[in-house]
Amino acid sequence: VQLQASGGGLVQAGGSLRLSCAASGGTFASYGMGWFRQAPGKEREFVAGISRSGRNTLYADSVKGRFTISRDNAKNTGYLQMNSLKPEDTAVYYCACAADRTVIIGWVPTTYDYWGQGTLVTVSS
C-alpha cells in the first residue's frame, strides 16, 4: 500500500491543522494506522494510532485532549485533527499502516510496514 500525507503547514500557537493520509494500492481497512512525528535532532515518536475498524484509538500523553485521529475506510483516508497547537508540536508528521492483525494499535515504529513521505508542521510562538 502507498501512503500520501498532506495538510501540513505553518500555524501560530493555539491554531489548528488537519492532516490527511491517502492510501492506495491496498485494502485500507485491513491495516491499523498510526501517526508519528520527528523533530530535528530527535527520534521518531508515536503520536496517535487507530484500529482497523476505527473503534479503538490511542494517543501519546503529549497530545491527548488536543489531537484526534480518525479514518474513513470508504475513502481510504486517515486523518489527524490537531488543535491547540504548541511550538513543541513542530515536526515532520508521518502516517503509517500496520499489517499485523495480532496488534490492535502499535506505538512502536517497527510495528508499521508502510510509511508516507511526511508532511511538515511548523508552529510559531
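Our subject is the structure that appears above.
In this report, the structure presented in the accompanying data block is examined. The model shown is predicted, which means the values in this text are computed figures rather than measured ones. (Residues numbered from 1 in each chain as written. Predicted model: local features only at pLDDT ≥ 70, side-chain atom pairs only at ≥ 80, totals over all residues. Heavy atoms only, no water.)

**Points about the overall build of the chain**
Defined as follows: Each helix corresponds to a stretch of at least 4 residues labelled H or I by DSSP, and each strand to a stretch of at least 2 residues labelled E; elements are numbered beginning at the N terminus. Only C-alpha atoms enter the radius of gyration; for comparison, a globular chain is expected to reach 2.2 Å times N to the power 0.38, where N is the number of residues. With a 1.4 Å probe rolled over the protein chains alone, any residue whose accessible area is under 20% of its type maximum counts as buried; one over 50% counts as exposed, and the rest are partly exposed.
Of regular secondary structure, the chain possesses zero helices and 11 strands. Here the C-alpha radius of gyration of the chain, 13 Å, is about what a compact globule of 125 residues would show, namely 14 Å. Overall size of the chain, expressed as C-alpha extent along the three principal axes, is 40 × 25 × 25 Å. A total of 125 residues make up the chain; the buried ones form 43% of that total.

**Thoughts on the side chain of Asp 89**
This is how it is decided: N or O atoms closer than or at 3.5 Å make up a polar contact, with two conditions inside protein: a donor-capable atom paired with an acceptor-capable one, and, for residues adjacent in sequence, both atoms drawn from side chains. Whether two residues are in contact is decided by their heavy atoms: any pair within 4.5 Å suffices.
Of note, Asp 89 is situated in the loop between strand 8 (77-82) and strand 9 (91-98). At 2.8 Å, the side chain of Asp 89 and the backbone nitrogen of Lys 86 are in polar contact. In this structure Asp 89 touches Arg 37, Arg 66, Phe 67, Ser 84, Val 121 and Val 123, once residues within four positions along its chain are discounted.

**Topic: the pairing of strand 1 (residues 2-6)**
Rule in force here: Whether two strands pair depends on DSSP finding at least two bridges between them.
Because side chains alternate across strand 1, one face comprises the buried residues Leu 3 and Ala 5, and the other comprises Gln 2, Gln 4 and Ser 6, none of which is buried. Bridging between strand 1 and strand 3 (residues 17-24) involves five bridges; their strand directions are antiparallel. Along strand 3, the bridge assignment pairs Ala 5 with Cys 21.

**Comments concerning the environment of Val 1**
Along the chain, Val 1 falls in the segment before strand 1. A relative accessible area of 14% places Val 1 in the buried class. Spatially, the C-alpha atom of Val 1 lies 18 Å from that of Thr 119, the residues being 118 residues apart in sequence. Every residue in contact with Val 1, bar those within four places of it in the chain, is listed here: Ala 23, Ser 24, Gly 25, Gly 26, Tyr 31 and Tyr 114.

**Description of the packing of aromatic side chains**
We apply this condition: Ring geometry is summarised as follows: Phe, Tyr and Trp rings, the Trp one being its six-membered ring, pair when their centres sit within 6.5 Å, and such pairs are stacked at plane angles under 30 degrees, edge-to-face over 60 and tilted between the two.
Per the stated rule, a full pass over the model turns up five aromatic pairs. Each ring, one from Phe 36 and one from Phe 46, has its centre 5.6 Å from the other, and the planes form 75 degrees; the classification is edge-to-face. With Phe 36 in strand 4 (residues 32-38) and Phe 46 in strand 5 (residues 45-50), this residue pair connects regions lying 10 residues apart in the sequence. Here Phe 36 and Phe 46 have matching classes, each one buried. For the pair Tyr 112 and Trp 115, a centre-to-centre distance of 6.2 Å together with 65 degrees between the ring planes defines the contact as edge-to-face.

**Thoughts on the sheet that holds strand 7 (residues 67-72)**
The condition is simple: Lines fitted to the C-alpha atoms define the axes, with helices restricted to the stretch that makes contact. Angles between their N-to-C directions range from 0 to 180 degrees.
Strands sit in the order 1-3-8-7 across an open sheet of four strands; the sheet is antiparallel. Each edge of the open sheet carries a strand with a single partner, namely strand 1 and strand 7. Across the sheet, the axes of successive neighbouring strands diverge by a mean angle of 15 degrees, strand direction being ignored. In this sheet, strand 8 lies alongside strand 3 in antiparallel orientation, the contact comprising six bridges. Pairing of Cys 21 across the sheet is with Gly 78, part of strand 8.

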